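Here's the letter readout for the chains.
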Amino acid sequence: MSIKDRLLQVQQTIPKQVTLVAVSKTMPNSAILEAYEAGQRHFGENKVQELTEKQAALPNDIKWHFIGHLQSNKVKFIAPFVDLIEGVDSLKLLKEINKQALKNNRIQRCLLQFFIADEETKFGLNREEAAELIQAAKNESLKAVEFCGVMGMATYTDNEDQIKSEFRQLKSIFDELKTDFFSDNAAFQIISMGMSGDYSLAIAEGSNQVRIGSTIFGVRVYNT
Ligand SMILES: *Cc1c(COP(=O)(O)O)cnc(C)c1O
């Protein structure tokens, strides 16, 4: 099946109000263009250098999502163009994003990344840390940062009950933060959860943004 056919098939399984981010990490520009020509505009990448190279070579109206762990010293490379930074998990990173956004005369849209999985390797905040981070950002008046919602990854497991409960946890964190900090802020509205293996469960638990790679582009081959 072609990328276009797989993309259309995925689109048919997700409701209209759910944003589909096509995760194109490791995929060549030709694959991204094929999805682009089928109408896809949101793409996700997790390596700064790969993202900047692709951005320079591909159409300007692509909305690039940075979905990986972002090091503060690399923010400057993506700050001129990145649509959404999905992985904010520290004040240090947030301050640098604010600084670079000011330099570029932009308001940088960000998601707070949460640790919901039963795994040791994943980055992210818990509820308390997030509340502290938001409060600190207010105190520092980081005016060029816009909080747009939350992002998280469930445990890589066959146990659907566990996955559902992790997604439910992220939805409840979102609701709590919305009430406590963003009730009058329409921008805070994204719940980014769900990947190829679990996006249907995520949507059932309240996701409105899914990040799907291998189901659209095929299996990734890493050469590093
Ligand atoms: C790679 C990646 C995805 C997509 O994974 P697939 O299983 O290929 O759909 C989604 N989110 C993040 C953060 C990723 O790194």
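Small disclaimer: the values here were computed from a predicted structure and weren't measured.

1. Considerations on the site of the ligand
1) Next: Lining the immediate environment of the ligand, one finds Val23, Lys25, Ile67, Met151, Met153, Met195, Ser196, Arg211, Ile212, Gly213, Ser214 and Arg220.
2) Next: Within the side chain of arginine 211, a nitrogen or oxygen atom sits 2.9 Å from a nitrogen atom of the ligand.
3) Next: In the complex, the protein chains occlude 90% of the 390 Å² of accessible area that the ligand would expose alone.

2. What to know about the nonpolar core
1) Next: Within the largest apolar cluster, 64 residues are counted, with the highest numbers of intra-cluster contacts made by Phe43, Ile78, Leu112, Phe114, Leu177, Ile216 and Phe217.
2) Next: With seven residues, helix α7 (residues 160-181) is the single largest residue contributor to this core.
3) Next: Here leucine 177 is in contact with Leu112, Phe114, Ala130, Ile134, Val150, Phe182 and Phe188, once residues within four sequence places are set aside.

3. Focus: the pairing of strand β8 (residues 209-212)
1) Next: The two faces of β8 match: Gln209 and Arg211 on one face and Val210 and Ile212 on the other face are all buried.
2) Next: Sheet analysis places strand β1 (residues 19-23) next to β8, joined by four bridges and oriented parallel. The residue of β8 that forms the bridge with alanine 22 is isoleucine 212.

4. Thoughts on the side chain of serine 72
1) Next: Its place among the elements puts serine 72 in the loop between β3 (63-66) and α4 (75-78).
2) Next: Look at serine 72 and you get buried, because its relative accessible area is 15%.
3) Next: In this view, serine 72 contacts Lys92, Leu93 and Glu96; residues no more than four positions away in its chain are not counted.

5. Focus: unusual backbone geometry
1) Next: One non-glycine residue, asparagine 105, lies in the positive phi region at around 60°.
2) Next: Assignment of secondary structure puts asparagine 105 in the loop between α5 (91-103) and β5 (108-114).
3) Next: Overall, the relative accessible area of 74% leaves asparagine 105 in the exposed class.

6. What about the packing of aromatic side chains?
1) Next: The final tally for this structure, using the stated rule, is five aromatic pairs.
2) Next: With 5.7 Å between their ring centres and 55° between their planes, phenylalanine 147 and phenylalanine 182 make a pair best called tilted. Here phenylalanine 182 lies in the loop between α7 and β7 (190-192) and phenylalanine 147 lies in strand β6 (residues 145-152), a separation of 35 residues in the sequence. Each of the two residues, phenylalanine 147 as well as phenylalanine 182, counts as buried.
3) Next: Seen in terms of ring centroids, phenylalanine 181 and phenylalanine 182 are 6.3 Å apart; in terms of plane orientation they differ by 55°. Their pairing is tilted.
4) Next: In this structure phenylalanine 182 comes out as buried when scored by relative accessible area, which is 3%.
5) Next: What links up through ring pairs into an aromatic cluster is the set Phe147, Phe174, Phe181, Phe182 and Phe188.
6) Next: The ring of tyrosine 36 has arginine 41 lying over it, and the distance from NZ or CZ to the ring centre is 3.6 Å.

7. Some words on the pattern of salt bridges
Should their charged atoms come close, side chains of opposite charge can pair.
1) Next: Tallied over the full model, the rule gives eight salt bridges.
2) Next: With its nearest N and O atoms 2.8 Å apart, the salt bridge here joins lysine 54 to glutamate 45.
3) Next: The buried category is assigned to lysine 54, whose relative accessible area is 6%.
4) Next: Given a relative accessible area of 0%, glutamate 45 falls into the buried group.
5) Next: Salt bridges sharing partners connect three or more residues here, namely Glu45, Glu50 and Lys54.

8. Re the environment of glutamine 40
1) Next: In this structure, glutamine 40 sits in the loop between α2 (29-37) and β2 (42-45).
2) Next: Residue classification places glutamine 40 among the buried residues on the basis of a relative accessible area of 4%.
3) Next: Spatially, the C-alpha atom of glutamine 40 lies 8.3 Å from that of leucine 20, the residues being 20 residues apart in sequence.
4) Next: Setting aside residues no more than four positions away along its own chain, glutamine 40 makes contact with Leu7, Gln11, Leu20, Val21, Ala22 and Ala35.
5) Next: From its side chain, glutamine 40 meets the backbone oxygen of leucine 20 in a polar contact 2.8 Å long.
6) Next: A distance of 2.8 Å separates a polar side-chain atom of glutamine 40 from the backbone oxygen of histidine 42.

What counts and how
- Residues numbered from 1 in each chain as written.
- Predicted model: local features only at pLDDT ≥ 70, side-chain atom pairs only at ≥ 80, totals over all residues.
- Heavy atoms only, no water.
- Near = heavy atom within 4 Å.
- Polar contact = N/O pair within 3.5 Å; in protein donor to acceptor, adjacent residues only side chain to side chain.
- Areas by Shrake-Rupley, 256 points an atom, 1.4 Å probe, with all protein chains shown as cover.
- Core = buried A, V, L, I, M, F, W, Y, C linked by side-chain atoms within 4.5 Å.
- Buried < 20%, exposed > 50% of the residue type's maximum accessible area, 1.4 Å probe, protein only.
- Helix = DSSP H or I, 4+ residues; strand = E, 2+ residues; numbered from the N terminus.
- Contact = heavy atoms within 4.5 Å.
- Pairing = 2+ DSSP bridges.
- Phe/Tyr/Trp six-rings, centres within 6.5 Å; stacked < 30°, edge-to-face > 60°.
- Lys NZ or Arg CZ within 6 Å of the ring centre and 35° of its normal.
- Salt bridge = Lys/Arg side-chain N within 4 Å of Asp/Glu carboxyl O.

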